[in-house]
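Descriptive analysis of the structure
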Amino acid sequence: MEEKVSSRTTPSQSLGQFDFGEEPPPICSKQTQVFKNKFYPQTSQQEWNNWKWQIRNSITTYEELSRIFGPNGYEVSEDINLPLRITPYYASLVKDPYGPIGKCVIPTKDELIVSDYEEEDPLHEDKSSPVPGIIHRYPDRVLFLVTDFCSSNCRYCTRSRIISKNDINRKVWDPAIEYIRKHEEVRDVLLSGGDPLLLNDDSIEYLLNSLRSIEHIEILRIGTKVPVVLPMRITNKLVNIMKRFHPLYLSIHFTHPDELTEEVKEVCERLSNSGIPLGSQTVLLKGVNDDIDTMKRLMHGLLRVRVRPYYIYKCDRTLGTSHFQVPISKGLEIMENLIGHTSGYAVPNFILDSPFGKIRLLPENVKRENNVYTIKTFKGNTFVYEDVE
Ligand SMILES: *Cc1c(COP(=O)(O)O)cnc(C)c1O
C-alpha cells in the first residue's frame, strides 16, 4: 500500500511506536551515583534527575567549586569574562579538575591573559546582525540566538560576550521571526545562543511553531550542549514537542569521549528514535582533545550512539583563550589520520571560522608559509591567518 507523505507530514508519524507517553526511567551511571552520594548526599535520585534541580543547584561560586574539587586556588581574583557555571551532573564527569573535562568548565587565571590576536567578537558577528538575535552571514541560512543562558559555561565560549548579559531574551524573538519571514532566501534556521533547550517547553514550542509556519523555511536546526551537560532536560515531553517540527536537526556540542555516559547514550537513542538527525560539533582544545587517539575515540563513540560527526572547529580567538589554542597544523594532522584510516562517517570537517564565514580546512587545500596560512573563503576571497605555535 502506498503511503502519501506531504512535506509537512512529519516522519515521526510513522514512528508511532516511539511515541513515549511517560517519562523514561531515570538512568544514573555508577560514576554519577558515587559523585551524587558523596557531594549531594541529601539529594534524592528523583531530584538529581530533575533538570530544574540541576539548574538551581549548579556550581556558580568558588566556595562550591572548592567544596567539590578541593581548595586549589581556582579563585580568579579579577573579573573573568564569563560567569562560572557547571551542572552537578557535568561536574560528576570531572575526574581531575585540570583534566580534559575539568579544563572545559573550571576557570583558571590563564583566562586573564589576553593576546593581541584575541577579540571580544572574533567572528565579527555583531556586524552581520540586521536585527537583535539574528546573524545573517550566509546567503540561504541564518543563526537565530534565542537565549543568552547556558547550563554549563564552556571557558572557551565563542559567544562569551553575550552569555548571561541579558541582551538576548524573548524580546528579540518576534522581530527576529519577522525578519526571517520577510527574507524568502532563508531556507534554514539555526537556533542557538546560549542554549535553546534551556527555554521552557512552551517557549521552544512557540519558536518552532512560528518558524515552521513560514513557507520558505525548509529545515530547522538547534545547536545545543544540553544532551551532554544536562541530559535530564531531554524529557519525553520535550522530544514529543520537537518531533512535530521535522525536518529538525540537532547539532550537539561534544568535546571528549568521557562525555559519552550511559545517560547521554540513552538520550541520543531517544532523540534518534524520534527521527531527529544528530550531528556533533567539537572544538579542538589544548590538553582536552588535541591528540589523534582522543579524537578518534570521540568520533567512533559518537557514531555508536548515532551521532554523525559534523564539525571540528579551530578554537575561536575570544578573549582569554590562548591557553586553549591548538595550531592549525595539529588539526590537519588529526584530519590526515582520520581520512581514509577510518569510516568516512567518522570524519567531520575541520573548520576555521572567520569574519568571512567558515572555512573548510583540508590537508591539501591549505597554503602554509611558516605560521602564515593563506586560505580561500567560500566566496573565493583570500583569507590570511597568522597562527601561533
Ligand atoms: C555556523 C553558522 C551557520 C551554519 O553553518 P553550516 O556550515 O551550514 O552549518 C549559519 N550562520 C552562522 C552565522 C554561522 O556561524
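Residues numbered from 1 in each chain as written. Predicted model: local features only at pLDDT ≥ 70, side-chain atom pairs only at ≥ 80, totals over all residues. Heavy atoms only, no water.

A word on the sheet that holds strand S7 (residues 307–314)
- The 9 strands lie next to each other as S1-S2-S3-S4-S5-S6-S7-S8-S9, forming an open sheet whose pairing is mixed. Each having just a single partner strand, strand S1 (134–138) and strand S9 (357–361) make up the two edges of the open sheet. For this sheet, the mean angle separating the axes of adjacent strands, direction not counted, is 25°.
- Pairing of S7 with strand S8 (residues 349–354), which is carried by 3 bridges, proceeds in the parallel orientation. Residue pairing for S8: Ile312 is matched across the bridge by Phe350.
- Most of the contacts of helix H7 (residues 173–182) go to strand S2 (residues 141–145), to which it runs at about 175°, and overall it touches S1, S2 and strand S3 (188–192).
- The strands touched by helix H8 (residues 201–212) are S2, S3, strand S4 (219–224) and strand S5 (248–253); relative to S4, the strand with the most contacts, the crossing angle is about 150°. (Pairing = 2+ DSSP bridges. Helix = DSSP H or I, 4+ residues; strand = E, 2+ residues; numbered from the N terminus. Axes fitted to C-alpha atoms, helices over the stretch in contact; angles between N-to-C directions. Contact = heavy atoms within 4.5 Å.)

Some words on the site of the ligand
- The ligand sits among Ile135, Tyr138, Arg141, Leu143, Leu190, Arg221, Tyr310, Tyr311 and Lys358.
- At 2.7 Å from an oxygen atom of the ligand is found a side-chain nitrogen or oxygen belonging to Arg141.
- Contact between the ligand and Tyr310: an oxygen atom at 2.7 Å from a side-chain N or O atom of the residue.
- In the complex, the protein chains occlude 90% of the 390 Å² of accessible area that the ligand would expose alone.
- Within the residue set of the shell around the ligand, elements represented by two or more residues are S1, S2 and S7.
- Its residues assigned to classes, the shell around the ligand shows 6 nonpolar, no polar and 3 charged. (Near = heavy atom within 4 Å. Polar contact = N/O pair within 3.5 Å; in protein donor to acceptor, adjacent residues only side chain to side chain. Areas by Shrake-Rupley, 256 points an atom, 1.4 Å probe, with all protein chains shown as cover. Nonpolar A, V, L, I, M, F, W, Y, C, P; charged D, E, K, R; others polar.)

A closer look at the packing of H7 against H8
- Following both chains from N to C, one finds H7 and H8 inclined at 20°, their axes separated by 10 Å at the closest point. Judged by the inter-axis angle, H7 sits roughly parallel to H8. Our pair here, H7 against H8, has a crossing hand that is right-handed. Packed against H7, whose contacting residues are Trp173, Asp174, Ile177, Ile180 and Arg181, the element H8 presents Ser203, Tyr206, Leu207, Ser210 and Leu211 at the interface.
- In the contact of H7 with H8, the residues fall into 6 nonpolar, 2 polar and 2 charged. (Parallel < 35°, antiparallel > 145°, perpendicular 65-115°, else oblique. Left-handed = near helix turned anticlockwise from the far one by under 90°.)

The values reported here are purely geometric and, on their own, carry no functional implication.
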